[in-house]
Amino acid sequence: MNGWRWVTGSLRARLLWFLLAAIVLAAGAQAIVAYRTVLHEADEIFDYHMQQMAMSLRSGLPPSAAVGGIGGGEQNFDFVVQVWTADGVRVFESADQAALPQLAVLGFADVRARGTTYRVFSMQTRGLVIQVAQDMAARRSMAGTLALRTIAPVALMAPLLMLVVWWVVSRSLAPVARVRKQVASRQADDLSPVSEEDLPEEVRPLVQELNLLFGRVRHAFDAQKHFVADAAHELRSPLAALKLQVQGLQRAHDDAARDLAVSRLVAGIDRATRLVEQMLALARHEASMAAGAKPEPVDLAEVARLAISDAVAAAQARRIDIGVAHADAAVVKGQPEALRMLLRNLLDNAVKYTPEEGRVDIGIAKLGDAIELSVDDSGPGLPEAERERVLDRFYRSGEPQAPGSGLGLAIVKSIAELHGATVTLEKSPSLGGLRVRVVFAPSPRGKEGVNPV
């Protein structure tokens with residue numbers, strides 16, 4: 001049982017086992033077919049010879065010929081010839097005591113005599129009956145010899161063919177064994193791609209999927225390390241500020257000082273909460289990217305409606321008019337929650353930097369095959385020198401009125417890259433503040449990915 005499990009568990013052993021078994025069975029079947037074919041052909045040849053021998057004796061013996069035969073020392077029982085008269089008198093025999101029947105059946109027949117079976121051919125001519133017989137044992141022996149000569153090359157080639165099969169299978173599976181050794185010898189933190197060189201077409205997709213899995217795991221590990229590093233770096237300052245604000249609250253000597261310290265403490269807690277929320281959102285988004293979530297059709301108008309519902313409370317608190325200025329019918333392939341997070345961060349950033357009683361507009365437009373999602377605000381805008389830098393993590397603009405965590409636009413950029421989109425910051429031509437454009441460019445037809453449909 002263990003041996004059979006080894007055979008069925010190993011691809012190399014399984015191929016060798018079944019191919020060698022197929023060779024042995026094919027060689028055996030060919031030997032049997034060759035033997036039976038040669039035996040049949042030998043029967044036809046010997047029958048033809050017997051028939052020709054009998055016909056050659058038709059005019060060789062007179063009806064009154066005396067009985068005679070070959071001497072005992074020269075007797076040959078492979079072929080026996082007897083000649084009978086119509087009256088049943090034997091006038092010739094090639095072997096003494098052949099004991100063939102007197103009443104012959106004309107044509108071919110099998111006869112038992114002298115403890116063996118004879119193949120007998122009888123014919124009648126000029127009042128004589130000529131019989132030619134051959135021992136079937138001798139016929140089978142000669143046919144077997146011919147058959148062995150026929151199958152001898154097969155018997156010699158079968159072991160050579162087995163060696164060729166063993167060599168071909170071993171050489172063909174050598175790249176698979178190399179990949180196995182490469183994976184088995186690497187360290188737990190080694191997620192580099194496995195080499196696909198010289199791999200068979202049947203195995204290459206498996207290695208490709210394994211490399212994709214390594215890539216997703218590596219991305220997840222990198223995201224985890226980035227999150228831990230970012231958390232350690234960015235939470236240090238808010239926590240230290242909270243500690244100072246608590247100490248200020250403890251040292252407050254009157255109600256006015258206590259109220260001021262409490263308001264600062266609440267503001268510090270809000271900033272820390274916002275920072276943690278943004279970091280968790282970024283980590284959750286990067287985790288979804290690493291998991292390789294399948295894209296699905298997403299209506300950008302519905303995404304805009306949901307994002308506005310998330311940001312409307314903050315906008316109303318500052319009496320900011322927020323809404324959709326224009327929206328073409330547009331559907332992209334992607335992740336609905338990620339796109340909602342993208343637009344919500346853009347709206348939060350716009351509301352945060354827009355003065356009270358300002359305006360924030362959302363636009364959805366088709367640009368040929370591409371789709372543009374834009375957010376305009378009536379805020380102070382952003383210097384051109386900072387428009388690229390604000391997309392980096394934890395970079396905060398020099399505007400003091402709305403300090404943030406510096407992660408909002410970094411999350412927008414990350415989600416846009418996931419969907420094959422580009423993020424551009426420019427001056428808003430309609431409201432005078434900042435315009436953020438996210439352009440979803442179409443992918444080549446037939447290529448799976450996140451692209452407009």
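Residues numbered from 1 in each chain as written. Predicted model: local features only at pLDDT ≥ 70, side-chain atom pairs only at ≥ 80, totals over all residues. Heavy atoms only, no water.

Engineer: I keep staring at the overall build of the protein and nothing clicks. Help me out?
Structural biologist: Scanning the protein from N- to C-terminus turns up nine helices and twelve strands. Residues counted as buried form 38% of the 453 residues belonging to the protein. On the protein, roughly 26,000 Å² of surface is accessible, and the fraction owed to carbon and sulfur atoms is 59%. (Helix = DSSP H or I, 4+ residues; strand = E, 2+ residues; numbered from the N terminus. Buried < 20%, exposed > 50% of the residue type's maximum accessible area, 1.4 Å probe, protein only. Areas by Shrake-Rupley, 256 points an atom, 1.4 Å probe, with all protein chains shown as cover.)

Engineer: Can you help me understand the packing of helix α7 (residues 300–317) against helix α8 (residues 336–353) in this one?
Structural biologist: The angle between the axes and the distance between the axes are what describe a pair of packed helices. The contact between α7 and α8 brings their axes to 9 Å, and the two run at 35°. Handedness of the α7/α8 crossing: right-handed. Two secondary-structure elements touch here, α7 through Leu300, Val303, Ala304, Leu306, Ala307, Ile308, Ser309, Asp310, Ala311, Ala314 and Ala315 and α8 through Leu339, Arg340, Leu343, Arg344, Leu347, Asp348 and Val351. Looking at side-chain class alone, the contact of α7 with α8 contains 13 nonpolar, one polar and four charged residues. (Axes fitted to C-alpha atoms, helices over the stretch in contact; angles between N-to-C directions. Left-handed = near helix turned anticlockwise from the far one by under 90°. Contact = heavy atoms within 4.5 Å. Nonpolar A, V, L, I, M, F, W, Y, C, P; charged D, E, K, R; others polar.)

Engineer: Just to check I follow, could you spell out the sheet that holds strand β1 (residues 79–85) for this structure?
Structural biologist: The strand order across the open sheet built from five strands is β2-β1-β5-β4-β3, with neighbouring strands paired in antiparallel fashion. Strands at the two margins of the open sheet, each flanked by one partner only, are β2 (90–93) and β3 (107–113). Strand after strand, the sheet turns through a mean of 25° between neighbouring axes, direction not considered. Bridge count between β1 and β2: three bridges; the pairing is antiparallel. When the bridges of β2 are listed, glutamine 82 appears paired with glutamate 93. Each of β4 (116–125) and β5 (128–135) is contacted by helix α3 (residues 136–185), which is oriented at about 50° to β5, the strand it contacts most. (Pairing = 2+ DSSP bridges.)

Engineer: For this particular structure, what's the right way to read the pattern of salt bridges?
Structural biologist: Close approach of charged atoms allows side chains with opposite charge to pair. The tally for this structure, following the rule as stated, stands at eleven salt bridges. With a closest N to O distance of 2.9 Å, arginine 319 and glutamate 356 form a salt bridge. Taken together, the residues arginine 319 in the loop between α7 and β7 (321–327) and glutamate 356 in the loop between α8 and β9 (359–367) connect sequence positions 37 residues apart. Glutamate 357 is the salt-bridge partner of arginine 319, the closest N and O atoms lying 3.4 Å from each other. Placement of arginine 319 in the loop between α7 and β7 and of glutamate 357 in the loop between α8 and β9 is noted, with a sequence separation of 38 residues between them. Each of Asp47, Asp110 and Arg119 takes part in salt bridges that share partners, so that together they form one network. (Salt bridge = Lys/Arg side-chain N within 4 Å of Asp/Glu carboxyl O.)

Engineer: Explanation requested: the pairing of β1 in the structure shown.
Structural biologist: One face of the sheet, then the other: side chains in a regular strand alternate in exactly this way. Buried residues dominate β1, accounting for six of its seven residues. Bridge analysis of β1 against β5 gives seven bridges, and the strand direction is antiparallel. In the strand pairing of β5, valine 81 is matched with valine 132. Taken together, β1 and the strand that follows it, β2, pair antiparallel across an intervening segment of four residues, in which glycine 88 is found at a positive phi of about 90°.

Engineer: Can you walk me through the sheet that holds β7 in this structure?
Structural biologist: Each strand in a sheet pairs with its neighbour through backbone hydrogen bonds, running either in the same direction (parallel) or in the opposite one (antiparallel). Strand order in the open sheet formed by five strands is β7-β9-β10-β12-β11, with mixed pairing between adjacent strands. In this open sheet, the two edge strands, each paired with only one partner strand, are β7 and β11 (421–427). Direction aside, the axes of adjacent strands within the sheet are offset by 15° on average. As paired elements, β9 and strand β10 (residues 370–377) share eight bridges and run antiparallel to each other. Note on β10: the bridge partner recorded for glycine 363 is serine 374. Against the sheet, α8 makes contact with β7, β9, β10 and β12 (434–440), and its axis sits at roughly 25° relative to β10, the strand it touches most.

Engineer: Looking at this model, I keep getting lost on the packing of aromatic side chains. Mind explaining?
Structural biologist: The description of two aromatic rings rests on the distance between their centres and on the angle between their planes. Taken as a whole and judged by the stated rule, the model has one aromatic pair. Both rings, one in phenylalanine 108 and one in phenylalanine 121, keep their centres 4.7 Å apart while their planes meet at 45°; by these two values the pair is tilted. One end of the pair, phenylalanine 108, is in strand β3; the other, phenylalanine 121, is in strand β4, and 13 residues separate them in sequence. (Phe/Tyr/Trp six-rings, centres within 6.5 Å; stacked < 30°, edge-to-face > 60°.)

Engineer: Would you explain the nonpolar core in this entry?
Structural biologist: Soluble globular proteins tend to pack their nonpolar side chains together in the buried interior. The biggest cluster of nonpolar side chains holds 41 residues, and the ones touching the most others in it are Leu343, Leu347, Val438 and Phe440. Breaking this core down by element, the ones donating at least two residues are α7, α8, β9, β10, α9 (408–418), β11 and β12. Among the elements that take part in this core, α8 stands out by supplying nine residues, more than any other. What valine 438 contacts, discounting residues up to four positions off in sequence, is Leu342, Leu346, Ile371, Glu372, Leu373, Ala416, Ala421, Thr422 and Val423. Ala54, Val83, Val91 and Leu128 belong to the second-largest nonpolar core, a separate cluster that totals ten residues. (Core = buried A, V, L, I, M, F, W, Y, C linked by side-chain atoms within 4.5 Å.)

Engineer: I would appreciate a short explanation of the side chain of aspartate 376 in the present structure.
Structural biologist: With respect to the helices and strands, the residue aspartate 376 is situated in strand β10. Take aspartate 376: its relative accessible area is 4%, and that puts it in the buried class. Within polar-contact distance, the side chain of aspartate 376 engages the side chain of serine 428 at 2.6 Å. Side chain to side chain, aspartate 376 and arginine 435 meet in a polar contact 2.7 Å long. (Polar contact = N/O pair within 3.5 Å; in protein donor to acceptor, adjacent residues only side chain to side chain.)

Purely geometric numbers; function is a separate question.
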